Amino acid sequence: ALGAPITLALRTLPSGGRGLLLSFLHSRFVKVITFPLVAGAIYVLNPWLLYFTNFYELTLTNPVVHYFNHVHFVIVGSIWIFALIGIDPMPRMGYPIRMLAVFVTLPFHAFLGVTVLNENTNIAREYYESIARDWGPTVAADQQLAGGIMWVTGDVVGLLLFLVLMIQWSRASDREARRVDRELDRRDAAEAGHTASDISD
C-alpha cells in the first residue's frame, strides 16, 4: 500500500492494459468496495464467517476452495489497508475517521483470537479427527496456540497502522501549513505591489 502499486502499474502498463485498469478503478463496484465503512465491515466479518461456519472445513478438503480462500484473504486485507494508509489516488476519509476506523476494528480481531483461544469445541473437528497426527501439540492445544497468535499479531498490526497513520497525518499537516504559508506570502506580495503602485501614482 505504501509502495503505490496502482500508480506504478498505470505508469508501466501498455495503453490497453492501462485503459482496462482505469475503467475498473473508476467502476461503481470499486467505489463501493473501497469505501472505508464497507471495506472495514468486510475485513471484520471475513474471519468470523470463515472459522465459525462450515466453510473452513471445506477449505481443508477442497484444494480449489483452499487456494481461493488464500487469494480472497489477501484481496480483502489489501482493500482495507489501501483504504487506510495507501498512497495511490482513491476515495478516502480524513485522518481522524481513519484513525477511528483502526480503533474500532482492532477489538474485533482481538476478540476473535480470544474466542478461538477459549473455544471448547475444536474448529473443523471432524476433519482433524479424520487424519492421523502423531506429532506436535494436540488439536485442542494447537487451536489455543493459534488463537493466542491471532490475538497478539492483530494488536501488533493495529499498532503499526496507528503509527503509519500518525506519520502520514503529521506530514499532511506540514504540507498544508507550507501551502497556506505560500498563499499568505503571495497575498502579502500582491498587497505590497498594490501599495507601491498607489504611492507612485
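Higher on the page you've got the structure.
Cut-offs used in this document
Residues numbered from 1 in each chain as written. Predicted model: local features only at pLDDT ≥ 70, side-chain atom pairs only at ≥ 80, totals over all residues. Heavy atoms only, no water. Helix = DSSP H or I, 4+ residues; strand = E, 2+ residues; numbered from the N terminus. Contact = heavy atoms within 4.5 Å. Phe/Tyr/Trp six-rings, centres within 6.5 Å; stacked < 30°, edge-to-face > 60°. Buried < 20%, exposed > 50% of the residue type's maximum accessible area, 1.4 Å probe, protein only. Lys NZ or Arg CZ within 6 Å of the ring centre and 35° of its normal. Patch = residues over 30% accessible without salt bridge, like charges linked within 9 Å, V, L, I, M, F, W, Y side chains within 5 Å. Areas by Shrake-Rupley, 256 points an atom, 1.4 Å probe, with all protein chains shown as cover. Salt bridge = Lys/Arg side-chain N within 4 Å of Asp/Glu carboxyl O. Lys, Arg positive; Asp, Glu negative; His and termini not counted. Charge placed at Lys NZ, Arg CZ, Asp CG, Glu CD. Axes fitted to C-alpha atoms, helices over the stretch in contact; angles between N-to-C directions. Left-handed = near helix turned anticlockwise from the far one by under 90°. Nonpolar A, V, L, I, M, F, W, Y, C, P; charged D, E, K, R; others polar.

Give a description of the side chain of T59 that names residues and reports values.
Mapped onto the fold, T59 is located in helix α5 (residues 55-61). Excluding its chain neighbours within four sequence positions, the residues that come into contact with T59 are L50, V65, H66 and N69.

Explain the packing of aromatic side chains to me, and be specific about the residues and the numbers.
The final tally for this structure, using the stated rule, is 6 aromatic pairs. Consider the rings of Y95 and W169, whose centres lie 6.1 Å apart with planes at 10 degrees: the pair is stacked. Of this pair, Y95 sits in helix α7 (residues 95-118) while W169 is found in helix α9 (residues 139-200), placing the two residues 74 residues apart along the sequence. In this structure W169 comes out as partly exposed when scored by relative accessible area, which is 35%. Here the basic side chain of R98 rests over the ring of Y95, its NZ or CZ set 4.2 Å away from the ring centre.

So what about the environment of H109? Which residues, and what values?
Along the chain, H109 turns up in helix α7. With 14 residues separating them along the chain, H109 and I123 place their C-alpha atoms 17 Å apart. The residues touching H109, leaving out its near neighbours within four places in the chain, are Y43, V44 and P47.

Describe in detail a negative patch on the surface, supporting the description with residues and values.
On the surface, D181, D185, D188 and E191 cluster together into a patch of negative charge. Here E191 lies in helix α9.

Requested: an account of unusual backbone geometry, with residues and values cited.
With phi around 50 degrees, A4 is a residue other than glycine that occupies positive phi space. Relative to the helices and strands, A4 resides in the segment before α1 (5-12). Using a relative accessible area of 14% as the deciding quantity, one classes A4 as buried.

Which residues make up the packing of α1 against helix α2 (residues 15-25), and what values do they have?
For the pair α1 and α2, the least separation of the axes is 8 Å and the interaxial angle reads 145 degrees. Regarding α1 and α2, the two cross each other, and that crossing is left-handed. The segment α1 lies against α2, with I6, A9 and L10 engaging R18, L21, L22 and L25. Grouping the constituent residues of the contact of α1 with α2 by class yields 6 nonpolar, no polar and 1 charged.

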